[in-house]
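Listed below are the residues making up each chain.
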Protein chains: 4
Amino acid sequence: MKIEQYQIAEYNNSLLKAQERNYSFVAEKVNNVSAVLKLLQEFQVAIPSWALGTGGTRFGRFSGAGEPRSLEEKIEDVGMLHALNQSSGAISLHIPWDIPDNAAAMKALAAQHNLRFDAMNSNTFQDQPGQAVSYKYGSLQHTDKAVRKQAIEHNIEVIKYGEALGSDALSVWLADGSCFPGQLNFRGAFQRTLESLQEIYSALPDHWKVWVEYKAFEPNFYSTTVGDWGQSLLFTSKLGPKAYTLVDLGHHLPNANIEQIVSLLLMEGKLAGFHFNDSKYGDDDLTVGSINPYQLFLIFNELVDGMNARGMNHATDLGWMIDASHNVKDPLEDLLQSVEAIMIAYAQALLVDTKALSAAQQSNDVVAAQEILQQAYRTDVRPLVAQARMLAGGALDPLGMYRQQKVRENLIKERGSKTVATGL
Amino acid sequence: MKIEQYQIAEYNNSLLKAQERNYSFVAEKVNNVSAVLKLLQEFQVAIPSWALGTGGTRFGRFSGAGEPRSLEEKIEDVGMLHALNQSSGAISLHIPWDIPDNAAAMKALAAQHNLRFDAMNSNTFQDQPGQAVSYKYGSLQHTDKAVRKQAIEHNIEVIKYGEALGSDALSVWLADGSCFPGQLNFRGAFQRTLESLQEIYSALPDHWKVWVEYKAFEPNFYSTTVGDWGQSLLFTSKLGPKAYTLVDLGHHLPNANIEQIVSLLLMEGKLAGFHFNDSKYGDDDLTVGSINPYQLFLIFNELVDGMNARGMNHATDLGWMIDASHNVKDPLEDLLQSVEAIMIAYAQALLVDTKALSAAQQSNDVVAAQEILQQAYRTDVRPLVAQARMLAGGALDPLGMYRQQKVRENLIKERGSKTVATGL
Amino acid sequence: MKIEQYQIAEYNNSLLKAQERNYSFVAEKVNNVSAVLKLLQEFQVAIPSWALGTGGTRFGRFSGAGEPRSLEEKIEDVGMLHALNQSSGAISLHIPWDIPDNAAAMKALAAQHNLRFDAMNSNTFQDQPGQAVSYKYGSLQHTDKAVRKQAIEHNIEVIKYGEALGSDALSVWLADGSCFPGQLNFRGAFQRTLESLQEIYSALPDHWKVWVEYKAFEPNFYSTTVGDWGQSLLFTSKLGPKAYTLVDLGHHLPNANIEQIVSLLLMEGKLAGFHFNDSKYGDDDLTVGSINPYQLFLIFNELVDGMNARGMNHATDLGWMIDASHNVKDPLEDLLQSVEAIMIAYAQALLVDTKALSAAQQSNDVVAAQEILQQAYRTDVRPLVAQARMLAGGALDPLGMYRQQKVRENLIKERGSKTVATGL
Amino acid sequence: MKIEQYQIAEYNNSLLKAQERNYSFVAEKVNNVSAVLKLLQEFQVAIPSWALGTGGTRFGRFSGAGEPRSLEEKIEDVGMLHALNQSSGAISLHIPWDIPDNAAAMKALAAQHNLRFDAMNSNTFQDQPGQAVSYKYGSLQHTDKAVRKQAIEHNIEVIKYGEALGSDALSVWLADGSCFPGQLNFRGAFQRTLESLQEIYSALPDHWKVWVEYKAFEPNFYSTTVGDWGQSLLFTSKLGPKAYTLVDLGHHLPNANIEQIVSLLLMEGKLAGFHFNDSKYGDDDLTVGSINPYQLFLIFNELVDGMNARGMNHATDLGWMIDASHNVKDPLEDLLQSVEAIMIAYAQALLVDTKALSAAQQSNDVVAAQEILQQAYRTDVRPLVAQARMLAGGALDPLGMYRQQKVRENLIKERGSKTVATGL
């Protein structure tokens, strides 16, 4: 299933008149709208390979159909999303689910779709068939040196796969922790994890980074060894300049102020980037922007402000990825909704009158500060996002076109209705 | 693997001297210790069939070994636990995981182990092979009448299996709900669920009850259609006198005062009983008493007080069951720890000086009220619990004996190390 | 400080051109825009007298200046807000802070400002000078009959004040609960509270209602006797048809799905109305819409849908009130922001394509359901709200005009800078 | 009101027989019981001056009677507590509530009661009469240099008062933060706070420490500038070796694993000490051990283990203080209950079989690890604590003796019933 340029052009034509009207209305209110459009066009969100299939919970999984059966098909799916929205120009692989038998061929295929390979993800939270020792009680933290060694070697192997594909970052999420008081010596677990990470760190190619993700709870339900941003920062500070802290929106305790965390990590020069999703209760992995879009905007406001303060390139200096689980939606539609929500939040953040905000903050005019933020947030920026997309060759309404083209029906025809993509 | 009476007696002999010393120390402080022992002996906690195997999370499962491969073996495992602790004299089945091909034979086998069949559990949160329609978007709440009909019929079938086994309650936990705002019309979902429950209710045999369990979240991450005790009570009130609300310790929002809920449900005559476990973050399904044993005691304090106020029989008028998931422990050891924690909390609650407490409450002597509760809680009641168990024919230290007898090693020899019990 | 019609007209003139452009852009997209404008104009949010002064926390209070020193000045302040936004046409009084010495004069003053008297609020969470017995251990729940009697009589007195002013509802928020396990017998507290409420209920005039508010925690930190919607509904069901459950946004446990609660209470015909505010951690009493505006929209979506389903009048059949605490903002500016956020959420809810939503729900098209809600939410409805306000005689930008007119500076001149309004 | 040694001896005599029996029962089970008794005797918990009076919430305060009216009376009250329990041998002052007019006299008075002066607490969360600039928008974070300067100078003044009294630590809790998104530039607030702290740090005498306390929320309800342990550690690491992170049990987001935080801070050599209390919802400031005593034990288990690993002196190398608010209890009784709960948790932690625990952890025997912890926790250690206290000259049952001696009644006679101690 491939969507051709001419199809997109045709589709856009049918919406063009309305778009022009909507765009000109909002563009008139934006200072330097061309700069905004340019930033929107440059911004790309990586799609993780495991998000292309239907997810599930521990209580069950209700599979979808027409899901990708191979790495090739995963690349094709992301390519199709990118053709539609021109904002999904990267794919993030997970080893061992996505071992490339022929890296050169995969690179070529990705290039055809204008995709690059984002961070590589290792997996030491599951046992694989034929594995020598088990991760039941952790991996990099394990009391048994043999388990740690196996986990370290796996991570180094993931780096090698990534090098062959042109990736330049290793993303490490550890399920390591404990389910019961007493199970773990916290200090021992920290030290062993640190030593394991140091071995992995020393295997990083020169231009590579390692991202250390934290998570408050699940799958361990008493403690997690990289449990919050403070712990991750302790690890990445001890590791060295190539180590950064990765933030996943759903990995916090209730009510955490994530935007403040983001701001401080940026200040310290230690923010790796983001795993986007949304949640109400825990790591619910819902569609980005589906539960609390204002929070997403506030996070982007900190990102834009913090990156500008450090002269960073919005599009390339941090890692942007969706990490969600699509239990009741078509995964590709969910991804289109998620990318759209991200672009909207980013656009709103770009509209914030930072000079006025800074003045209001300076004089503690709290009412004005709120008005300034909400002025940007309440603006309907969808026409801006659509315009940037159209200019880049994408569809004015990616989800609309996806449905119009009956993409899912076509994928089912091609791949069958009993496919189950690898992943959670 | 069967543990014989003579083995228990032998084992107890080795601990008897210490037990006598410990028991006499605490017994001397207890008024009417023989009544306490009698209550402890009568109290039985049902073991759910699915808790006999190693559980997992959505991120993976690390299987155990020697797990039961059939309903017969499940009954044998519970029988063995009951032989050890004399407090696990019931088994709770889950359909379709435990469909009894020969109900009479199962009844006879259970009787041999002095077990009865507790509430029957239906399952409409997973699709089964060959099922006509899917529960992806709910079961009793579904907008499609065919799905509701299938789910209703399944529940009625579960009742029939239960009747054949001598059970007298249907336990209904619904995963029904929604993952996203807009997905569900809350009122419509409530009304459809009510009508479905009414059909099931009307199929209940005369002496049967239906228990409606609530849960705040998971596997749906935006709304749950029976989401809290208020919603469950609304359903059970509308259903009629055979319908009761079931409380699972892990099914609440953070910081909920569960003991108050228990107290009010008892006051309304609508408490079905309990699913015991413990948790720190959500429905973590950890060993009972492993995270917050004081909360467990406070709940038992309300149960004892509330049941006494209504002249209820502690052992038989409510349903008591463990509902946990054993991801990193031997499931049978975990169950022994859980039952022990329950018996300890129950024993502590029996020691509360209710007359003094009532007087302190009447005069708002908050300091004294706390002292009275903590006087009971801080007492080391383990010798009382052990004494009751020994008198009933159980082992003084069930977990100790389980390990001494190398039960797991023997089960692995019998059943192999690649077994995976049905369940979550 | 009074704002005259001609001043508003003048002010609006300066903004009219932009408003016309903005309004016509959005109006074109709205079906039946005149009906929407009419509903927006009718909708009125009551201002509580205690929100006119600067609030504080237990750690301190940083007073404002120019705050109202009397009931007259409170009425004038609300009148001024209403003149600006034409959506604050009611005031809610709190006894004993607002005892009207001359009810007829107060009624006349309110009428001059086009204000009516909303629900009357009683106070049994504080002791007043000269009070016979103390509420330290509760009021309607108290074990001492004399305390209960005093609290009942206070509530009846509040009804009488309300009758004289033309109010028709008593709003009861009880701080009653306990700080420590053991302090309270939950069932006893419930029963005593019920009996006390029954006495108050029997003193209600024919056309009056009583609203029973619930709150999860604070100022009691272990249990609250009307702690959640289930408990409140239990009370209001036992009381009778004049009793309703009042929802305050900040009175829930973390992550509660408030919109579902609202929907079910409406379904049961037992929703009294709303206390609006916003919060991140607890009963933070922040400006409405300042933390999670999407939640506010989802609540309004349920309100509109549920009221329509019962043929209710949006403006008059439920109670709408702001209940916030303004610690770091000018209280009047905060109230203007809060009313604006409410009107925006209401307008967005009115734009939801309910027919399409219902169809998406019926077919479990979760993606479409989300799109339909977010289509309404992402629309910039501020020009609609402003248009309705202008047509009703209010200012296009109430907050802008408040600042342009230097209202606070004028109030300080009139009233001094050391004023402290009564309230929390 | 002073309690004399002979009175204590007399009181103890009446309980001696039971104590001997209880003590010998438990002592027999403890290895090296004399070492345990010694550690228990050495352990001292500081009493903050503000905890001697009745607290309140933002909704009101129900005052007690007989409360201390001066610093002298506060020292006398703590002296009386210490006479009873021999575990409260320190007082922690708060400036400006406790400015000592005559430091030498206060030192002498404290010495008479065997008390030392623990950490000094500054207050920049309230405005004081006559203060030049306001802390409404923060103190050390303030955008206005004059406010920061005032706050810095206040802290330096507090150090000077402390030096005169023989204290050696400054405890800084900052309410600084924001109530609304946009109000604060997080990075700016961090940097200004850091610079302010650096100025205070440079004024520390050689042997002094500064403790930087963190708090998740309240009184600011959107962000707090020292909001979690990660932020505090960032500050204390940048400040230098005299700066440490202070943990208050109630200052976390829901479900935080505090014991893990404690363990890591100890590992980093950056733990200042503890503010003890208990809570269910937020910073509820309830009696220590009244809500979750197992958590308290788990924390002490980490403290003991972590201090032993670093060869630290339990009694003197960290700061131990109660920080609670007594709204419905006699404050002195509450403090006696709190100290008792601390001593019990400490004693239980001392009983943990650390060698066996370490072996169980090494082999991932999770069941055994839990058993080992709970073996210590379930032991009734009250007779051990009482024995240590008696040997040190304290009362076997401090709360019992307090009531027997009618202390509160006597204090009311001495001081009157309308006293209100300074504090929250």
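Calculation notes
- Residues numbered from 1 in each chain as written.
- Chains lettered and ligands numbered in written order.
- Predicted model: local features only at pLDDT ≥ 70, side-chain atom pairs only at ≥ 80, totals over all residues.
- Heavy atoms only, no water.
- Core = buried A, V, L, I, M, F, W, Y, C linked by side-chain atoms within 4.5 Å.
- Buried < 20%, exposed > 50% of the residue type's maximum accessible area, 1.4 Å probe, protein only.
- Helix = DSSP H or I, 4+ residues; strand = E, 2+ residues; numbered from the N terminus.
- Contact = heavy atoms within 4.5 Å.
- Buried area = accessible area lost by both parts, 1.4 Å probe.
- Salt bridge = Lys/Arg side-chain N within 4 Å of Asp/Glu carboxyl O.
- Polar contact = N/O pair within 3.5 Å; in protein donor to acceptor, adjacent residues only side chain to side chain.
- Nonpolar A, V, L, I, M, F, W, Y, C, P; charged D, E, K, R; others polar.
- Least-squares fit on C-alpha atoms with pLDDT ≥ 70 in both.
- UniProt positions renumbered as here; feature names shortened; annotations may be inferred.
- Expected span 1.5 Å × (residues − 1).
- pLDDT = per-residue confidence, 0-100.
- Phe/Tyr/Trp six-rings, centres within 6.5 Å; stacked < 30°, edge-to-face > 60°.
- Lys NZ or Arg CZ within 6 Å of the ring centre and 35° of its normal.

Participant: Can you break down the nonpolar core residue by residue, with the values?
Facilitator: Core analysis: the largest hydrophobic core is formed by 264 residues, its most contacted members being Phe300, Leu303 and Leu384 of chain B together with Phe300, Leu303 and Leu384 of chain C. For this core, the element with the most residues is helix 10 (residues 331–351) of chain B, which contributes 14 residues. Residues contacting Phe300 of chain C, with those up to four places away along its chain left out, are Phe43, Phe276, Ile342, Ala345, Tyr346 and Ala349 of chain C.

Participant: Provide a residue-level description of the interface of chain D and chain A, including the pertinent values.
Facilitator: Residue-level contacts link 49 residues of chain D with 49 residues of chain A. Between chain D and chain A, the buried area comes to about 4400 Å², and carbon and sulfur atoms account for 58% of it. Broken down residue by residue, the surface that chain D buries against chain A is led by Phe186, Arg187 and Asn364 of chain D, which jointly contribute 16%. Linking chain D with chain A are four salt bridges, by the criterion used here. Across the pair Asp305 of chain A and Arg187 of chain D runs a salt bridge whose closest N-O atoms are separated by 2.5 Å. Counting across the interface, chain D meets chain A through 18 residue pairs in polar contact (both at pLDDT 80 or more). Breaking the side of chain D that touches chain A down by element, the ones donating at least two residues are helix 6 (186–202), strand 10 (223–224), helix 7 (229–239), helix 8 (258–267), helix 9 (293–309), helix 11 (354–362) and helix 12 (366–378) of chain D. Grouping the amino acids of the side of chain D that touches chain A by side-chain chemistry returns 22 nonpolar, 20 polar and seven charged.

Participant: Tell me about the interface of chain C and chain A, residues and numbers included.
Facilitator: Counting residues at the interface gives 41 residues for chain C, matched by 41 residues for chain A. Both sides together, the interface formed by chain C and chain A hides about 3600 Å², and carbon and sulfur atoms give 45% of it. Ranking the residues of chain C by area buried against chain A places Phe25, Asn255 and Arg378 of chain C at the top, with a combined share of 19%. Taken together, chain C and chain A are joined by four salt bridges. Ionic pairing is found between Arg403 of chain A and Asp365 of chain C, a salt bridge with its closest N-O pair at 2.7 Å. At the boundary of chain C and chain A, one finds 21 residue pairs in polar contact (both at pLDDT 80 or more). Elements with a contribution of two residues or more to the side of chain C that touches chain A: helix 1 (5–27), helix 9 (293–309), helix 10 (331–351), helix 12 (366–378) and helix 14 (398–404) of chain C.

Participant: Outline the relation of the copies chain D and chain A, supporting the account with residue identities and numerical values.
Facilitator: If you rotate chain D by 180° and push it 0.0 Å along the axis, it lands on chain A with an RMSD of 0.0 Å. Here the transformation between the copies is reduced to the relation of a two-fold axis. Taking the C-alpha atom as reference, chain D places Gly230 of chain D closest to the rotation axis, 2.1 Å from it. Mapped onto chain A, 100% of the interface residues of chain D are again interface residues, and the two copies thus contact each other with one and the same surface.

Participant: Mind laying out unusual backbone geometry, listing which residues take part and the relevant values?
Facilitator: Here the bond from Ile95 of chain B into Pro96 of chain B is cis, since omega is 20°, no more than 30 degrees from zero. Even without being a glycine, Asn255 of chain A presents a positive backbone phi close to 75°. Along the chain, the position of Asn255 of chain A falls in the loop between strand 11 (243–248) and helix 8 (258–267). On the basis of relative accessibility, which here comes to 17%, the residue Asn255 of chain A falls in the buried class.

Participant: Tell me about the relation of the copies chain C and chain A, and name the residues and values.
Facilitator: Laying chain C over chain A is done by rotating through 180° and shifting 0.0 Å along the axis; what remains is an RMSD of 0.0 Å. An overlap of 100% is found between the interface residues of chain C and their copies at the interface of chain A, pointing to a shared contact surface.

Participant: Can you explain the UniProt feature "domain: Xylose isomerase-like TIM barrel" (unreviewed entry) in chain A? Please cite residues and give values.
Facilitator: If you check UniProt for "domain: Xylose isomerase-like TIM barrel" (unreviewed entry), the listed places come out as residues 100–285 of chain A in our numbering. Taken end to end, residues 100–285 of chain A is 37% helix and 16% strand, and its first and last C-alpha atoms sit 27 Å apart.

Participant: Requested: an account of helix 3 (residues 71–85) of chain D, with residues and values cited.
Facilitator: All names here are of chain D. Between its terminal C-alpha atoms helix 3 stretches 21 Å, which fits the 21 Å expected from 15 residues at 1.5 Å a residue. The buried fraction of helix 3 amounts to 13 of the 15 residues, a majority that puts the element mostly inside the structure. Looking one or two residues beyond helix 3, the residue adopting positive phi is Gln86, at roughly 55°.

Participant: Residue-level account of the confidence of the model for chain A, with values.
Facilitator: Averaged over chain A, the pLDDT score is 97; the fraction of residues at 70 or greater is 99%. As a predicted assembly, this complex carries a pTM of 0.98 together with an ipTM value of 0.97.

Participant: Would you mind going over the packing of aromatic side chains in detail, with residue names and values included?
Facilitator: Scanning the entire structure with this criterion turns up 76 aromatic pairs over all chains. Between the aromatic rings of Phe300 of chain A and Tyr346 of chain A, the centroid separation amounts to 5.8 Å while the plane-to-plane angle is 45°, which identifies the pairing as tilted. With Phe300 of chain A in helix 9 (residues 293–309) and Tyr346 of chain A in helix 10 (residues 331–351), this residue pair connects regions lying 46 residues apart in the sequence. Like Phe300 of chain A, the residue Tyr346 of chain A is buried in the burial classification. Measuring from ring centre to ring centre gives 6.1 Å for Phe276 of chain D and Trp320 of chain D, while their planes differ by 15°; the resulting arrangement is stacked. Highlighted residues: Phe276 of chain D in strand 12 (residues 271–276) and Trp320 of chain D in strand 13 (residues 319–322), separated in sequence by 44 residues. Phe276 of chain D gets classed as buried once you look at its relative accessible area, which sits at 0%. Its end group placed over the ring of Phe180 of chain A, Lys329 of chain B keeps NZ or CZ at 3.6 Å from the ring centre. Looking at Lys242 of chain D, its charged tip hangs above the ring of Tyr201 of chain D, at a distance of 6.0 Å from the centre.

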